[in-house]
Every structure is written in structure tokens, then in C-alpha cells.
Amino acid sequence: MSKTKKQSLPGGGGSVGGAEPMEILCYKPKDLVWAKMKGFAPWPAMIVEPPIELLSNAHKSNSKCVFFFGSRNFAWIESANLKPFEGPWKDQLSKLNKPASFRQAMEDITKHIDDPTEIDGIVSKSTGIRSQPTEADFDKIRDGFNTEDENTIDTHANNLDNNGEIHSDIEGAIGGVVTVTKTPVKRVPKAKASTAPSTKSKSTISKAATKRRVSQTPATAKRRRNDNTPPHITNDYIEEHASPRRRIITEALAHIGGHASPPRRNNNSIALLERPHVRVPETQTIDMSTRSQTLAERDIVPSDLTFGFLGLGIMGSTIVKDLICTGHKVVVWNRTMSKCEPFREAGADVKDTPEDVVNAADIIFCCVSDPKASKDLVFGNCGVLRADLCNKAYVEMSTIDPETSQDIAEGITQSNGRYLEVQIHGTREEAENGMLIILAGGDRTVFDECQSCFKTIAKNTFFLGADVGNACKVNLILQTILGVSLVGLSEALALADRFSISLKDILDIFQLTSMKSDLLLAKGREMAKGDFNPQQPLSHMQKDLRLVLSMAENLDQSMPVTSITNEVFKHTKRLGYSEHDSSAVFGSYRLVFPNEV
């Protein structure tokens with residue numbers, strides 16, 4: 001028997017001839033079942049009332065809406081692909097499905113059996129929108145009220161027994177059916193301004209008022225006879241007896257428990273909204289008391305110059321820590337000043353503005369998140385160009401595009417400063433161990449003056465010439481290779497997980513092949529564990545891919561694979577993994593990770 005056959009529901013698949021007499025069951029809400037969706041193994045689920053978002057989705061008449069345990073989302077499943085959860089096949093199905101996500105689903109349904117409070121609350125919250133008024137409810141309420149602008153209806157009363165009465169019966173917490181019974185309302189005309197008594201009867205006044213309203217109605221707005229209208233009902237009859245336009249009083253909806261207009265969600269966002277909550281990674285505090293063994297073994301003689309540093313993010317804070325540990329004099333600034341405190345305690349000088357850092361340092365490093373932030377630090381208020389740059393050097397270490405680097409270089413040199421672009425390739429862990437790759441271009445004298453710093457943080461240093469922009473181009477090309485590789489690795493591991501193959505086994509075999517890569521092995525292990533401690537934030541990787549595509553667009557260079565890779569990273573960002581490590585791109589292929597449940 002094939003594996004696919006084993007993972008199908010016993011007796012399922014809609015086979016009439018092979019079905020047992022009790023195979024066709026009438027499922028009710030809250031029944032626990034095994035649900036088989038095409039392309040997926042049988043999964044523990046519960047029959048529920050469909051959320052309003054699923055009502056518009058195409059489904060067969062014999063389908064039931066189910067709530068999947070573990071992933072906690074909803075779907076339409078045909079009755080032939082449903083089996084009671086408790087049955088002779090339970091042990092068989094439980095043994096065949098061994099991914100971590102399935103085990104979590106089994107734990108989820110077990111907890112629900114013991115205590116249904118949590119799951120029932122989730123289902124009620126998702127399907128509770130059904131208790132809010134629908135379009136049909138609005139139509140019935142609207143047609144049930146027969147009011148003029150001069151009439152007032154007390155919507156808080158159940159029965160109005162004056163000239164007329166309105167009886168409302170709101171039935172069913174399940175269906176939310178509204179039945180409105182109305183009795184004719186005798187209308188009393190308003191008193192005229194004149195004190196002279198009126199000799200016209202009430203019916204004459206009412207008929208005259210109705211005719212005036214009809215005569216003022218444009219021809220295009222008149223009601224047309226419907227094909228199903230009985231022959232003896234004419235358009236003239238409809239127009240003469242038509243009820244005037246009625247106001248919808250919001251308070252009348254209080255009886256059916258909802259707001260005046262139910263919130264609607266785009267069907268395309270359902271999958272996103274039903275995904276598990278993604279935990280934001282905790283902010284890691286810098287530990288100034290530790291030092292890597294690799295860095296301690298290096299013979300580094302610190303420079304006599306004072307180095308300024310703008311930006312204390314994931315990479316910047318690690319670099320500054322290494323410089324302080326090796327005896328360099330450092331002046332720092334960060335937009336969030338609280339991040340500067342550990343460095344102040346370690347001996348660094350903290351300044352209030354980038355301009356102050358430039359005035360206090362000989363060489364200023366900048367390491368921020370994107371091109372816009374880099375330009376703001378240089379050209380903005382209290383920025384670098386506000387200070388006297390004579391005999392000063394500016395080193396741009398942010399991952400930016402060549403055009404931005406050239407703009408900054410022009411601004412620095414026109415202010416009598418020297419400019420060097422430095423692109424750092426590597427992760428936070430590599431920075432802590434002084435194992436980064438340095439790609440530099442621009443002023444050679446600045447490159448030579450920074451050698452003690454480069455020797456501290458990097459294992460290899462490359463000077464790519466005096467042309468500004470070359471280092472940026474090379475770094476973005478390397479980032480393209482990394483981004484495409486991470487997406488390919490994610491897809492492969494997701495496929496292995498779908499086959500219930502151990503991801504650890506896959507990575508162990510991968511390590512023995514000629515394709516092995518220390519970086520991909522490390523990222524693969526993070527994907528397998530669901531541990532995305534940020535070494536290089538996913539949002540930064542997506543930003544680099546965007547810069548690559550913009551650079552290629554200027555050259556009319558086709559990059560279809562990179563474009564698709566960028567879309568995968570963008571989608572993963574929308575799922576909530578923006579601040580996680582770039583290996584979290586695996587999150588776009590897998591619903592639940594061990595550390596999210």
C-alpha cells in the first residue's frame with residue numbers, strides 16, 4: 001500500500017461501494033473529527049459554524065466548516081473527507097503523522113477535550129461575527145419600520161401600542177433570523193400654522209401627500225415592475241402605495257447584538273490573520289564584560305586617533321564593543337540614547353548629536369539601517385555637515401546603494417572632509433569573533449588610518465579602488481547570493497517537513513556533500529528549531545534585495561529569481577518576522593514553530 005493511501009481517511013474519499021453503512025454521518029458543531037484536505041495528511045479538527053469570511057468562499061453543498069487544531073485556522077471540507085475523531089483508525093493516523101506541527105495539533109485537541117474553554121473562546125471570537133447583523137437583517141429591519149421624518153420610534157420598547165405597533169422577534173443565536181411583524185400605522189397629520197380648522201379627512205391628506213411625493217420623484221427613480229410581479233399589480237399601483245423612504249435607526253439593531261455595520265475583512269487576508277501569533281524577538285543587551293577568544297588572541301595595537309561611531313544597532317554595537325575592548329578611544333551617538341549607557345560605563349564618550357561626535361573625533365564611522373537614515377545623519381539638522389570637517393574622515397559602513405554612497409561622498413568632500421565607503425559582510429556572531437569581511441573604496445589614506453579597527457573586526461580586508469560605489473556593488477551582489485540561497489534552503493526543508501523527514505537528518509547529510517556551507521548549515525539548524533535570534537534582521541535582507549533590484553533596473557538587467565526571492569522576504573515580513581533573523585524566511589512555508597506555541 002502506498003504512503004498516500006495510508007494517509008487517506010479509512011473508508012473515505014467518497015467511495016460509495018466501499019463505504020460502511022454508518023460511514024455517512026450528520027456532523028454537528030463541536031463534533032471532533034479527522035479532516036482530510038487535498039495535499040495534506042488527515043488532521044484533528046472540530047466542526048464549527050463558518051466565520052463570515054468563509055461564507056463567500058466557493059464550497060460544495062455537502063461541505064462542513066472545520067477548525068483545525070494546532071494551526072487554529074478554518075476551512076471547508078467535504079463530508080466524505082471527515083471521520084469521527086474517536087474510532088479504530090485513531091491510533092493508525094496518529095502514528096503516520098510525526099511532524100512537530102502535527103504533534104502540537106494532537107496536544108491541542110487533547111487539551112481541548114480536558115478543558116474546552118480556550119478553544120471555544122477562539123472559535124466564538126472568530127465565528128461570533130455571525131451574531132452581528134447581516135445584510136438580510138438590515139433589509140428586514142428597514143422594511144419593518146414605517147416612519148415619516150416627523151414620527152419618532154422608541155426602539156427600546158418591545159411593543160408600541162398607540163396608533164400602531166411593531167413586534168420584533170429576534171430568533172436564534174445560531175442563525176440570527178429577524179422576524180418583524182407590523183400592523184398598519186394610522187398617521188396623524190401635523191397641525192398647520194394657520195389656526196383655521198381643516199375640513200379634509202385624514203385619508204385625503206395622506207393621499208394628497210403621497211401623490212406630491214410621487215410627482216416629485218424623477219422618472220428614472222420610479223420602481224419598475226418585476227418579472228415576478230402578479231399581473232394585477234401595476235407600476236401605478238406600486239408607485240401610489242409605495243412606502244416613503246425610511247430612516248434606519250441604529251439603536252434598533254441592539255436587539256440582535258451587534259454594530260450598525262459588521263466589520264468586513266478582505267478574503268485575501270484571512271490566511272494571514274489566522275496564522276499563529278509571532279513573538280517579537282527580545283532585545284539583546286550588549287555584554288561588555290565578555291570578549292571572544294579569537295579576538296583576545298590577536299595582537300592589536302590601538303590607534304592614537306579618536307574614533308566616532310554613529311548608530312548602535314545589532315552590528316554597530318558589536319563593533320563598538322570590540323573597539324573598546326582592544327583599547328581604542330571611542331565617541332558614540334545613537335538615536336535611542338538609552339543604548340549608549342553600557343558603552344558610557346565601559347569608557348566611551350557619549351554625545352548628544354552627530355555634529356558633536358564629528359567635533360570630538362578624528363574618524364567617524366556610520367552604521368545605520370538604510371540609505372535614508374545614512375543621508376539624514378549627514379545632511380539633516382545637527383548632522384555631520386554642520387560640523388567642521390577639515391582634517392576629518394568619514395567612513396560609511398551602512399549597507400547602501402552606490403548612488404547614496406556617491407551623494408554622501410560628494411557632500412563630505414565639498415566640506416573639506418575625506419570619505420571612505422566600507423561594506424561589512426557577515427553576521428553579528430562573526431562580528432563578535434572579528435571574522436567579518438571588509439570591502440572598502442574611496443580615500444586610501446583613510447583606509448590606512450583605520451587598519452587597527454579593521455584588524456579588530458575583520459579576518460579579511462579588500463580595498464576596491466578609489467571609485468566610490470564599487471564596494472556597495474560587490475556587497476549587494478553577495479547579499480543577492482545569500483538571499484536566494486536562504487529561500488532555496490527554506491523551500492527544501494519545508495518539503496522535507498511535509499514528507500515527515502527529520503530536518504536534522506537532512507542537514508547532517510547536506511553537511512557531507514560538496515554543497516556544504518557553514519552559513520547555510522547554521523541557518524538550516526535555526527530553521528529546524530524555529531529559533532530566529534536576529535544575527536542579521538530579515539527586514540535588512542529584504543532591503544538589500546530591493547536595492548539590488550533597483551540597481552539592476554537602472555541597467556535593464558533581468559533578475560527574475562531575485563525578484564521572486566524579494567517577494568518571499570516581503571511576504572515573510574508581513575507575517576510578523578521583520579525583526580527576526582533572515583533565516584525566518586522559513587516562516588513563510590511553515591505554520592507553527594516550537595517556540596511559538
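Nothing here was measured: the structure is a model prediction, and the numbers come from that model.

A. Structural detail: the pattern of salt bridges. Applying the stated criterion across every chain yields a total of 15 salt bridges. As a salt-bridge pair, Asp-120 and Lys-30 come within 3.8 Å of each other at their nearest N and O atoms. Of this pair, Asp-120 sits in helix H5 (residues 117–127) while Lys-30 sits in the loop between helix H1 (3–6) and strand E1 (32–35); the two residues are 90 residues apart in sequence, bridging distant segments of the chain. Put simply, Arg-72, Asp-108 and Glu-118 are held in one network by salt bridges that share partners.

B. A look at the pairing of strand E4 (residues 74–78). Two strands pair when backbone bridges link them, and strand E3 (residues 63–68) and E4 are joined in this way by five bridges, in the antiparallel orientation. The residue of E4 that forms the bridge with Lys-64 is Ile-77. Counting the residues that bridge the hairpin from E3 to E4 gives five residues, and of these Gly-70 lies at a positive phi of roughly 85°.

C. Expanded view of the packing of aromatic side chains. For the structure on display, the rule yields 10 aromatic pairs. On the numbers, 5.2 Å between centres and 25° between planes, the contact of Trp-34 with Phe-85 is stacked. Here Trp-34, found in strand E1, pairs with Phe-85, found in the loop between strand E5 (82–84) and helix H3 (90–96); they are 51 residues apart in sequence, far enough to count as distant. Pairing Phe-447 with Phe-463 gives two aromatic rings, centres 5.1 Å apart and planes at 50°, and the pair type is tilted. Here Phe-447 is found in helix H17 (residues 444–449), whereas its partner Phe-463 is found in strand E15 (residues 458–463), with 16 residues between them in sequence. Using a relative accessible area of 6% as the deciding quantity, one classes Phe-447 as buried. Arg-444 extends its terminal NZ or CZ atom over the ring of Phe-463, reaching a point 4.7 Å from the ring centre.

D. Seen up close, the packing of helix H19 (residues 470–498) against helix H23 (residues 560–577). At a minimum axis distance of 10 Å, the contact between H19 and H23 shows a crossing angle of 65°. Viewed along their axes, H19 and H23 adopt a mutual orientation that is roughly perpendicular. Remark: the crossing between H19 and H23 carries left-handed chirality. Here Thr-480, Gly-483, Val-484, Leu-486 and Val-487 of H19 lie close against H23, whose contacting residues are Val-561, Thr-562, Thr-565, Val-568 and Phe-569. Taken together, the residues that form the contact of H19 with H23 break down as six nonpolar, four polar and no charged.

E. Summary view of the pairing of strand E9 (residues 329–333). Burial analysis of E9 places four of its five residues in the buried class, which makes it a mostly covered element. Relative to E9, strand E8 (residues 306–310) runs parallel, the two sharing five bridges. Paired with Thr-306 across the strands is Lys-329, a residue of E9. One crossover worth recording links E8 to the parallel E9 by way of helix H11 (residues 314–325), and it is right-handed.

F. Up close: the side chain of Gln-542. Note on placement: Gln-542 falls in helix H22 (residues 538–554). A polar side-chain atom of Gln-542 sits 3.2 Å from a polar atom in the side chain of Lys-573. The residues contacting Gln-542, other than those within four sequence positions of it, are Asn-566, Phe-569, Lys-570 and Lys-573.

Procedures and definitions
Residues numbered from 1 in each chain as written. Predicted model: local features only at pLDDT ≥ 70, side-chain atom pairs only at ≥ 80, totals over all residues. Heavy atoms only, no water. Salt bridge = Lys/Arg side-chain N within 4 Å of Asp/Glu carboxyl O. Helix = DSSP H or I, 4+ residues; strand = E, 2+ residues; numbered from the N terminus. Pairing = 2+ DSSP bridges. Phe/Tyr/Trp six-rings, centres within 6.5 Å; stacked < 30°, edge-to-face > 60°. Buried < 20%, exposed > 50% of the residue type's maximum accessible area, 1.4 Å probe, protein only. Lys NZ or Arg CZ within 6 Å of the ring centre and 35° of its normal. Axes fitted to C-alpha atoms, helices over the stretch in contact; angles between N-to-C directions. Parallel < 35°, antiparallel > 145°, perpendicular 65-115°, else oblique. Left-handed = near helix turned anticlockwise from the far one by under 90°. Contact = heavy atoms within 4.5 Å. Nonpolar A, V, L, I, M, F, W, Y, C, P; charged D, E, K, R; others polar. Right-handed = clockwise from strand over helix to strand, strands pointing away. Polar contact = N/O pair within 3.5 Å; in protein donor to acceptor, adjacent residues only side chain to side chain.

Read these as geometric descriptors, not functional statements.
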